[in-house]
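Below are the chains, spelled out letter by letter.
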There are 2 protein chains.
Amino acid sequence: MTTTPESPPSTPSGADQRRNEIVASAARLFDEFGYGNTSMQQIAIAAQMAKPTLYHYFSAKDAILFQVHEEFIDILIRQFRGRALRSTGLRDRLVGAMTDILTLMDTHRGHVRVFFEHHRELPAEQQRLIRAKRDEYEAMLVGVLEDGRARGELILDQPRLTALGIFGMCNWAYQWYSRDGALAPAEIAERFGSVVLDGLSPRGD
Amino acid sequence: MTTTPESPPSTPSGADQRRNEIVASAARLFDEFGYGNTSMQQIAIAAQMAKPTLYHYFSAKDAILFQVHEEFIDILIRQFRGRALRSTGLRDRLVGAMTDILTLMDTHRGHVRVFFEHHRELPAEQQRLIRAKRDEYEAMLVGVLEDGRARGELILDQPRLTALGIFGMCNWAYQWYSRDGALAPAEIAERFGSVVLDGLSPRGD
């Protein structure tokens, strides 16, 4: 590994690619069999490498679990920030965040259940790191809701509770979302966004 | 046990009480340590009985898991039906169902995670039975939404997707609800119901 700071690689290095493959394979196994029921041996087989090679990349199973968690939340934070830079529209930012989450059900299926159901199995320090990032992400959505309220675009008295409701609508899709369903993630987000912003009761205006 | 059919007991029998205690103890252990990590021995200790006594009530751990699932969904179905008999108001029925679910986070904390995260560990036939009840419950909420649409009280184009969004808002609370929180389950349901029915955008009317 001789990457100079002056010329960072624009594509992942071979080692990074291998790590990504390991994490993707492990996430699928954790999702299907549960974290506790998956061994490093099984991960090595799924990632098509010898066990010592696997240990070269990850010293323990919980290091992979952490990587699954971090990848998941980092994607959401990055996309939320990117949208904040590109756009100021409230609906766009809200529906955009909902689309991001629902899209992960499609692109990171293995990660999703692990992130939602196995965070308690992370070592304490790593649990703390992931919780800080979850809180940061939550605070970003709360901030969008508060901004909307301040500008008179939204009426709400409990921004955090409202954010938890919005996350719930989307996160819960990990229990029912199917790639074979009639609607794509962005279409589901559009409809959920409309429920949250417009409500189901007819509007007089 | 000499209960005659003519005079059914109005309170649970001693045996029923013991079964309830076992299920409550087991649900707490499954919630805290995971279903796979909990043994019949641990359940017997938590329920303060000898292991043979436990086996007198439940022949296997998955029989307890099934009982946890059935109790959880039966409560929701019973309450939904009871409200349908008492009231015809749409908001009342919708917010009532949301209150039912959120209240279980408080009263049946141990059951909740088990119901949401361990259903795949039920034996196939029991998984089918529980899934049928879940589908029945879902269909009841979809029916309320469709009725509301037919009467012009609601505007929506995807009743099932909308129901899944509403369930998501409430079910997801198992990840964040705390008894020490500022709002009681009925208050949270009232606010979530308002988001869903009224929307967050200001209304002209």
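Residues numbered from 1 in each chain as written. Chains lettered and ligands numbered in written order. Predicted model: local features only at pLDDT ≥ 70, side-chain atom pairs only at ≥ 80, totals over all residues. Heavy atoms only, no water.

A. Main features of the overall build of chain A. Across its full length, chain A holds nine helices and zero strands. Each helix and strand of chain A, ordered N terminal to C terminal, gives the series α-α-α-α-α-α-α-α-α. Classification of the 205 residues of chain A by burial places 49% in the buried group. Summed over its atoms, the accessible surface of chain A is roughly 9900 Å², and 51% of this surface lies on carbon and sulfur atoms. For chain A, the distance from the average position of its 24 positive side-chain charges to the average position of its 27 negative side-chain charges is 2 Å. (Helix = DSSP H or I, 4+ residues; strand = E, 2+ residues; numbered from the N terminus. Buried < 20%, exposed > 50% of the residue type's maximum accessible area, 1.4 Å probe, protein only. Areas by Shrake-Rupley, 256 points an atom, 1.4 Å probe, with all protein chains shown as cover. Lys, Arg positive; Asp, Glu negative; His and termini not counted. Charge placed at Lys NZ, Arg CZ, Asp CG, Glu CD.)

B. Representation of the packing of helix α1 (residues 14–33) of chain B against helix α4 (residues 61–86) of chain B in the model. Residues and elements named next belong to chain B. One can describe the packing of α1 onto α4 by two numbers: an axis separation of 10 Å at closest approach and a directional angle of 95 degrees. In terms of their interaxial angle, α1 and α4 are classed as roughly perpendicular. Residues R19, N20, I22, V23, A26, A27 and F30 of α1 pack against K61, I64, L65, Q67, V68 and E71 of α4. (Axes fitted to C-alpha atoms, helices over the stretch in contact; angles between N-to-C directions. Parallel < 35°, antiparallel > 145°, perpendicular 65-115°, else oblique. Contact = heavy atoms within 4.5 Å.)

C. Layout of the interface of chain A and chain B. The partner chain B presents 42 residues to the 42 residues of chain A that form the contact. Taking both sides of the interface into account, the surface hidden between chain A and chain B amounts to around 3700 Å²; carbon and sulfur atoms contribute 58%. In terms of surface lost to chain B, no three residues of chain A exceed A:L161, A:W172 and A:L200, which account for 20% of the buried area on that side. Summed over the shared surface of chain A and chain B, the result is two salt bridges. Taking the shortest distance from any N to any O, the salt bridge between A:R191 and B:D157 comes out at 3.3 Å. One can count 22 residue pairs in polar contact (both at pLDDT 80 or more) joining chain A with chain B. (Buried area = accessible area lost by both parts, 1.4 Å probe. Salt bridge = Lys/Arg side-chain N within 4 Å of Asp/Glu carboxyl O. Polar contact = N/O pair within 3.5 Å; in protein donor to acceptor, adjacent residues only side chain to side chain.)

D. Structural context of the relation of the copies chain A and chain B. Expressed as a screw operation, the relation of chain A to chain B combines 0.0 Å of axial shift with a rotation of 180 degrees, fitting to an RMSD of 0.0 Å. Considering both components of the superposition, the chain copies are consistent with a two-fold axis. Closest to the rotation axis within chain A is the C-alpha of A:G199, separated from it by 1.8 Å. Looking at the interface residues of chain A, 100% of them are also at the interface in chain B, so both copies use one shared face. (Least-squares fit on C-alpha atoms with pLDDT ≥ 70 in both.)

E. Seen up close, the UniProt feature "DNA-binding region" (unreviewed entry) in chain A. This chain's UniProt record puts "DNA-binding region" (unreviewed entry) on residues 39–58 of chain A. Secondary structure content for residues 39–58 of chain A is 70% helix and 0% strand, and the end C-alpha separation is 13 Å. (UniProt positions renumbered as here; feature names shortened; annotations may be inferred.)

F. Region of the structure containing the packing of helix α4 (residues 61–86) of chain A against helix α5 (residues 90–107) of chain A. Residue and element names in this part refer to chain A. Two elements in contact, α4 and α5, have axes separated by 10 Å at closest approach and are oriented at 155 degrees. Relative to α5, the element α4 lies roughly antiparallel. The interaxial crossing formed by α4 with α5 has right-handed handedness. Contact with α4, carried on its side by F72, I75, L76, Q79, F80, R83 and A84, involves D92, R93, G96, A97, D100, I101 and L104 of α5 and no other residues of that element. Residue composition of the contact of α4 with α5, grouped by class: eight nonpolar, two polar and four charged. (Left-handed = near helix turned anticlockwise from the far one by under 90°. Nonpolar A, V, L, I, M, F, W, Y, C, P; charged D, E, K, R; others polar.)

G. Inspection of the packing of aromatic side chains at higher detail. All told, the structure shown has 20 aromatic pairs over all chains when counted by the stated rule. The rings of A:F72, A:F115, A:F116, A:W172, A:Y174, B:F72, B:F115, B:F116, B:W172 and B:Y174 are connected pair by pair, giving a single aromatic cluster. Across the ring face of A:Y35, the terminal group of A:K61 is positioned such that the distance to the ring centre comes to 4.2 Å. (Phe/Tyr/Trp six-rings, centres within 6.5 Å; stacked < 30°, edge-to-face > 60°. Lys NZ or Arg CZ within 6 Å of the ring centre and 35° of its normal.)

H. Broad picture of α5(A). For α5(A), spanning 18 residues, the distance from its first C-alpha to its last is 25 Å, which sits close to the expected 26 Å at 1.5 Å a residue. Counting buried residues in α5(A) gives 13 out of 18 residues, a clear majority hidden from the surface. (Expected span 1.5 Å × (residues − 1).)

I. Representation of the UniProt feature "domain: HTH tetR-type" (unreviewed entry) in chain A. On the UniProt side, "domain: HTH tetR-type" (unreviewed entry) is annotated at positions that read residues 16–76 of chain A here. What you have in residues 16–76 of chain A is 79% helix and 0% strand, and the ends, taken at the C-alpha atoms, are 20 Å apart.

J. Spatial organisation of the pattern of salt bridges. Residue and element names in this part refer to chain A. Applying the stated rule across the entire model yields 25 salt bridges over all chains. Two residues, R113 and E117, come together in a salt bridge whose shortest N-O distance is 3.2 Å. Taken together, the residues R113 and E117, both in helix α6 (residues 109–117) and four residues apart, mark about one turn of the helix. Summarising the burial analysis for this pair, R113 and E117 share the class buried. What emerges from the salt-bridge pattern is a single network uniting D31, R113 and E117.

K. Local environment of the environment of B:E32. Here B:E32 lies in helix α1. Along the backbone, B:E32 and B:V144 are 112 residues apart, and their C-alpha atoms lie at a distance of 35 Å.

L. Region of the structure containing the side chain of A:R93. Residue and element names in this part refer to chain A. Note on placement: R93 falls in helix α5. Within the buried set, R93 has no salt-bridge partner at all; the shortest N-O distance to an opposite charge, 4.9 Å, is to D147. When neighbours within four sequence positions are excluded, R93 is seen to be in contact with F80, R83, A84, S87, T88 and V144.

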